[in-house]
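Residue-level structural notes
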Protein chains: 2
Amino acid sequence: MFEGRLLQGSLLKKVLEAIKDLVTDTNFDCSETGIALQAMDSSHVALVSLLLKDTGFDHFRCDRNLALGINLQNMSKMLKCAGNDDIITLKAEDEGDTITFMFESPNQDKISDFEMKLMDIDSEHLGIPDTDYQAIVTMPSAEFQRIVRDLSSIGDTAVIGVTKEGISFSTGGDIGKANIVCRQNTNVDKEEDQTTVEIHEPVSLTFALRYLNSFTKATALSPQVTLSLSKELPIVVEYKIEKMGFLRFYLAPKIEEGDDEEEA
Amino acid sequence: MFEGRLLQGSLLKKVLEAIKDLVTDTNFDCSETGIALQAMDSSHVALVSLLLKDTGFDHFRCDRNLALGINLQNMSKMLKCAGNDDIITLKAEDEGDTITFMFESPNQDKISDFEMKLMDIDSEHLGIPDTDYQAIVTMPSAEFQRIVRDLSSIGDTAVIGVTKEGISFSTGGDIGKANIVCRQNTNVDKEEDQTTVEIHEPVSLTFALRYLNSFTKATALSPQVTLSLSKELPIVVEYKIEKMGFLRFYLAPKIEEGDDEEEA
DNA sequence: AAGGTGTAAT
DNA sequence: ATTACACCTT
């Protein structure tokens, strides 16, 4: 059987909030080392990768590797029934076709059991090569969210450029143009307000703002976000989940000059 | 060229919030003494007048008088991309057809440039005679906003009457009648809670609440609002902008007994 | 306190 | 269909 007990249940709630609009159905791959999830978004443009390591759970047990096929919209509905301070336990039998969510209120006065039907989903295990990126920027996640939202009100795509001075975001549309530059700054009071740039080579890539915007639904998971860029490679937008792992989003760059490129 | 740097950028954001629903396109008239704007609302019933004096800017330069034709909806969109604590700089070339908004975050780590296309707009320079009003009332802007909103839920027009005792607002509709009286009070702790009446002659005029309601979008600009009334003249609803000037709204009174008077 | 969402009105 | 208001959530 599989069982994972998560003291900070709100983490799981946030993860589902962050991905339920991007991916409809996917497998939660449970093994003795934790829970992993990889899925393309419904239009097959972006990729989501989640890791929740066993060590982040209060209690974790997984006798046999399981691929739990889950409709994220439905799972999210159920997790909405958990209080933000609730302890959440996930359970599944080895041969069962359901998953159980157990919610314990902080004072243990209320115990809820929610059972959800599992689905059979072909797992597409996508090998994501571990690349050395040309530029890695870590910045406050709220700032990234704000920038992406602001640019979305002006244009559809953004050019993200990194130099050793900092990171820039540009867009253009019918009403005008916008360019936002964030300088590297390591001299701030709080570590989470830092913007740091680790760079091997300057890089400049174009992305659809619509997807970047979706990714920022994960802002609540971490005060910082890490953007990794390399020429002609998908950007990686990573939110670290304290003690547990990460939630990563991958998005392929738009090919410049390619005016016949449109999302579905 | 024209360039104005405004340390308290939120002022400009608030000004646009206040007028963008009333006026669609208008000229910002820039001269060496500051920025002025005058425009009729789209249904040609109300008039907006804005003054931002050069002295209120951190830095102000205007080599040549410019009439910058601007779509307020678009400008507002761009200003929404400025943080509330950002420093905002406006720039325009003498012969250019764009205006640039530059936003500097408080710690200078984020610098944004937004460029917007200008439009050609016939400037309607409306001479507003400097009248001696029969009654001038200054009151808390939030209180005025609340009164106008409350009356709007009962009726379409309000009778505003001023005597030396105070100011009264009345309306009536299908569901009933309402009458709100605010007495002059100068004995309050905070100056901004005062209501003062300066009167030469009692006056009573009728106005469309819909427009008064629009005007109160400017409430955030000033803790106090000044209402100036004279028989058969438009009411002036003025919000002073600290160190910079004012935002004024003019609205002609409804002629009593004239039931064939309707806004477009 | 502010942003987002949902609803209601034009 | 669009826009403004209110409510609710973060």
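Residues numbered from 1 in each chain as written. Chains lettered and ligands numbered in written order. Predicted model: local features only at pLDDT ≥ 70, side-chain atom pairs only at ≥ 80, totals over all residues. Heavy atoms only, no water.

- An unreviewed UniProt entry lists chain A under the name DNA sliding clamp PCNA, with Klebsormidium nitens given as the organism.
- A UniProt comment under Subcellular location (unreviewed entry) is attached to chain A, and it reads "Nucleus".
- Within the UniProt record for chain A, the comment given under Sequence similarities (unreviewed entry) is "Belongs to the PCNA family." (UniProt positions renumbered as here; feature names shortened; annotations may be inferred.)

Re the relation of the copies chain B and chain A
- Superposition record for chain B on chain A: RMSD 0.1 Å, screw rotation 118°, translation along axis 0.8 Å. Taken together, the turn and the small shift mark the pair as related by a three-fold rotation axis. (Least-squares fit on C-alpha atoms with pLDDT ≥ 70 in both.)

Here we look at the pattern of salt bridges
- Within this structure, the stated rule accounts for 23 salt bridges over all chains.
- Here E17 of chain A ties to K20 of chain A by a salt bridge, and the two come within 3.1 Å at their closest N and O atoms. (Salt bridge = Lys/Arg side-chain N within 4 Å of Asp/Glu carboxyl O.)

Concerning helix α3 (residues 141-152) of chain A
- In this model, α3 of chain A (12 residues) spans 16 Å end to end at C-alpha, consistent with the 16 Å of a helix rising 1.5 Å per residue.
- Those residues of α3 of chain A that sit buried are S141, F144, I147, V148, D150 and L151 of chain A. (Helix = DSSP H or I, 4+ residues; strand = E, 2+ residues; numbered from the N terminus. Expected span 1.5 Å × (residues − 1). Buried < 20%, exposed > 50% of the residue type's maximum accessible area, 1.4 Å probe, protein only.)

Overview of unusual backbone geometry
- Located in the positive-phi region is H44 of chain A, a residue other than glycine, with phi close to 60°.
- For H44 of chain A, a relative accessible area of 56% puts it in the exposed group.

Observations regarding a negative patch on the surface
Residues and elements named next belong to chain B.
- A cluster of like negative charges, contributed by E143, D189, E191, E192 and D193, occupies part of the molecular surface.
- Mapped onto the secondary structure, D189 falls in the loop between β13 (176-183) and β14 (196-199).
- In this structure D189 comes out as exposed when scored by relative accessible area, which is 81%. (Patch = residues over 30% accessible without salt bridge, like charges linked within 9 Å, V, L, I, M, F, W, Y side chains within 5 Å. Areas by Shrake-Rupley, 256 points an atom, 1.4 Å probe, with all protein chains shown as cover. Lys, Arg positive; Asp, Glu negative; His and termini not counted. Charge placed at Lys NZ, Arg CZ, Asp CG, Glu CD.)

A word on the domain arrangement of chain A
Residue and element names in this part refer to chain A.
- For chain A, the assigned domains read domain 1 (2-117) and domain 2 (135-251).
- In this structure, domain 1 and domain 2 have C-alpha centres spaced 27 Å apart.
- Counting the surface lost from both domain 1 and domain 2, the interface buries some 1,700 Å², and carbon and sulfur atoms represent 68% of this.
- In this assembly, domain 1 and domain 2 are joined by 1 salt bridge.
- Linking D21 and K217 is a salt bridge whose minimum nitrogen-to-oxygen distance equals 3.5 Å.
- One can count 5 residue pairs in polar contact (both at pLDDT 80 or more) joining domain 1 with domain 2.
- If you list the elements that add at least two residues to the side of domain 1 that touches domain 2, you get α1 (10-19) and β4 (46-53).
- A total of 8 residues in the side of domain 1 that touches domain 2 trace back to one element, the largest contributor, which is β4.
- When grouped by side-chain class, the residues that make up the side of domain 1 that touches domain 2 number 14 nonpolar, 4 polar and 5 charged. (Domains from an automatic or database assignment. Buried area = accessible area lost by both parts, 1.4 Å probe. Polar contact = N/O pair within 3.5 Å; in protein donor to acceptor, adjacent residues only side chain to side chain. Nonpolar A, V, L, I, M, F, W, Y, C, P; charged D, E, K, R; others polar.)

Looking at the UniProt feature "domain: Proliferating cell nuclear antigen PCNA C-terminal" (unreviewed entry) in chain A
- UniProt feature "domain: Proliferating cell nuclear antigen PCNA C-terminal" (unreviewed entry): in the numbering of this structure it lies at residues 127-254 of chain A.
- The span residues 127-254 of chain A shows a helical share of 15% and a strand share of 46%, and its end C-alpha atoms are spaced 21 Å apart.

What to know about the sheet that holds strand β12 (residues 166-173) of chain A
- Spatial ordering of the open sheet is given by β15(A)-β11(A)-β12(A)-β13(A)-β9(B)-β8(B)-β7(B)-β1(B)-β5(B), a layout of 9 strands whose pairing is antiparallel. Edge positions in the open sheet fall to β15 (203-208) of chain A together with β5 (59-62) of chain B, since each of these has one partner strand only. Strand-to-strand twist across the sheet, computed as the mean angle between neighbouring axes with direction ignored, equals 15°. (Pairing = 2+ DSSP bridges. Axes fitted to C-alpha atoms, helices over the stretch in contact; angles between N-to-C directions.)

Focus on the packing of aromatic side chains
- Tallied over the entire structure, the rule returns 12 aromatic pairs over all chains.
- Aromatic pair F144 of chain B and F169 of chain B: ring centres 6.1 Å apart, planes at 50°, arrangement tilted. One end of the pair, F144 of chain B, is in helix α3 (residues 141-152); the other, F169 of chain B, is in strand β12 (residues 166-173), with 25 residues separating them in the sequence. Here F144 of chain B and F169 of chain B have matching classes, each one buried.
- Here F215 of chain B and F249 of chain B contribute two aromatic rings whose centre-to-centre distance is 4.6 Å and whose plane-to-plane angle is 10°, an arrangement assigned as stacked. Residue F215 of chain B is located in helix α4 (residues 209-215), and its partner F249 of chain B is located in strand β18 (residues 245-251); the two are separated by 34 residues in the primary sequence. By the burial criterion, F215 of chain B is buried, and F249 of chain B matches it.
- Among the aromatic residues, those joined into a cluster by ring pairs are F2, F57 and F60 of chain A.
- The positively charged end of R248 of chain A is found above the aromatic ring belonging to F246 of chain A, 3.5 Å away from the centroid. (Phe/Tyr/Trp six-rings, centres within 6.5 Å; stacked < 30°, edge-to-face > 60°. Lys NZ or Arg CZ within 6 Å of the ring centre and 35° of its normal.)

What to know about α3 of chain B
- When we look at burial in α3 of chain B, the residues that qualify are S141, F144, I147, V148 and L151 of chain B. One face of α3 of chain B carries all of its buried residues, which in axial projection span an arc of 125°. (Arc of directions from axis to C-beta.)

Some points on the UniProt feature "domain: Proliferating cell nuclear antigen PCNA N-terminal" (unreviewed entry) in chain A
- Feature annotation in UniProt places "domain: Proliferating cell nuclear antigen PCNA N-terminal" (unreviewed entry) on residues 1-125 of chain A, given in this structure's numbering.
- As annotated, residues 1-125 of chain A comprises 14% helix and 46% strand, and the C-alpha atoms at either end are separated by 23 Å.

Remarks on the sheet that holds strand β8 (residues 98-104) of chain A
Residue and element names in this part refer to chain A.
- If you trace the 5 strands from one edge of the open sheet to the other, you get β5-β1-β7-β8-β9, paired in antiparallel fashion. Both edges of this open sheet fall to β5 (59-62) and β9 (111-117), since each of them pairs with a single strand only. Averaged over all neighbouring strand pairs, the angle between strand axes comes to 15°, with direction disregarded.
- In this sheet, strand β7 (residues 87-92) lies alongside strand β1 (residues 2-6) in antiparallel orientation, the contact comprising 5 bridges. Looking at the pairing, F2 lines up with A92 of β7.

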